[in-house]
Amino acid sequence: MLGVELVKDRDTKAPAKEETLQVFERMKDMGVLIGKGGLLGNVFRIKPPMCITEQDADFLLEVMDIALSEL
């Protein structure tokens, strides 16, 4: 499992809870299901299957890039 924490500011480390939810929902709309968690709800939980292919990983990254760029 991979965890990716989203923060509003790198210096203050303020959690980006609303932004995490927005990216989570947008990725779901584009066909990628990931989890979210963390005490403050600002962590993406990425649990790929053991049979993940390079194409699958590329698709995940492309979708996440699109969703994050829409913030």
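Worth saying up front: this structure is predicted, and the values here are computed from it rather than measured. (Residues numbered from 1 in each chain as written. Predicted model: local features only at pLDDT ≥ 70, side-chain atom pairs only at ≥ 80, totals over all residues. Heavy atoms only, no water.)

Undergrad: Quick question: what am I supposed to make of the packing of aromatic side chains here?
TA: The geometry of an aromatic ring pair is captured by the separation of the ring centres together with the interplanar angle, meaning the angle of the planes. A full pass over the atoms with the stated rule returns 0 aromatic pairs. Above the plane of the ring of Phe24 lies Lys36, whose end atom (NZ or CZ) is 5.6 Å from the centre. (Phe/Tyr/Trp six-rings, centres within 6.5 Å; stacked < 30°, edge-to-face > 60°. Lys NZ or Arg CZ within 6 Å of the ring centre and 35° of its normal.)

Undergrad: Explain the sheet that holds strand E1 (residues 2-5) here, please?
TA: To summarise the sheet geometry, strands pair through backbone hydrogen bonds and adopt either a parallel or an antiparallel arrangement. Spatial ordering of the open sheet is given by E1-E3-E2, a layout of 3 strands whose pairing is antiparallel. Unpaired on one side and paired on the other, E1 and strand E2 (35-37) mark the two borders of the sheet. Here the average twist between neighbouring strands, direction ignored, is 30°. Here E1 runs beside strand E3 (residues 43-46); their pairing, made up of 4 bridges, is antiparallel. (Pairing = 2+ DSSP bridges. Helix = DSSP H or I, 4+ residues; strand = E, 2+ residues; numbered from the N terminus. Axes fitted to C-alpha atoms, helices over the stretch in contact; angles between N-to-C directions.)

Undergrad: Help me out: how do you make sense of the packing of helix H1 (residues 17-29) against helix H2 (residues 54-69) in this one?
TA: How two helices sit against one another is set out by the angle between their axes and by the gap between those axes. With their axes 9 Å apart at the nearest point, H1 and H2 run at an angle of 130° to one another. Taken together, H1 and H2 sit at an angle that is classed as oblique. Of the two possible hands of crossing, H1 and H2 adopt the one that is right-handed. Residue-level contacts link Val23, Arg26 and Met27 of H1 to Leu60, Val63, Met64, Ala67 and Leu68 of H2. When the residues that make up the contact of H1 with H2 are grouped by side-chain class, the tally is 7 nonpolar, no polar and 1 charged. (Parallel < 35°, antiparallel > 145°, perpendicular 65-115°, else oblique. Left-handed = near helix turned anticlockwise from the far one by under 90°. Contact = heavy atoms within 4.5 Å. Nonpolar A, V, L, I, M, F, W, Y, C, P; charged D, E, K, R; others polar.)

Undergrad: Just to check I follow, could you spell out the pattern of salt bridges for this structure?
TA: Opposite charge on two side chains permits them to pair, given that their charged atoms come into close proximity. Evaluated as defined, the whole model comprises 3 salt bridges. For Lys28, the salt bridge goes to Glu25, with nearest N and O atoms at 3.2 Å. Of the two residues, Lys28 and Glu25 both sit in helix H1, 3 residues apart, roughly one turn of that helix. The closest approach of N and O atoms between Glu70 and Arg26, which form a salt bridge, is 2.8 Å. In this pair, Glu70 sits in the segment after H2 while Arg26 sits in helix H1, placing the two residues 44 residues apart along the sequence. (Salt bridge = Lys/Arg side-chain N within 4 Å of Asp/Glu carboxyl O.)

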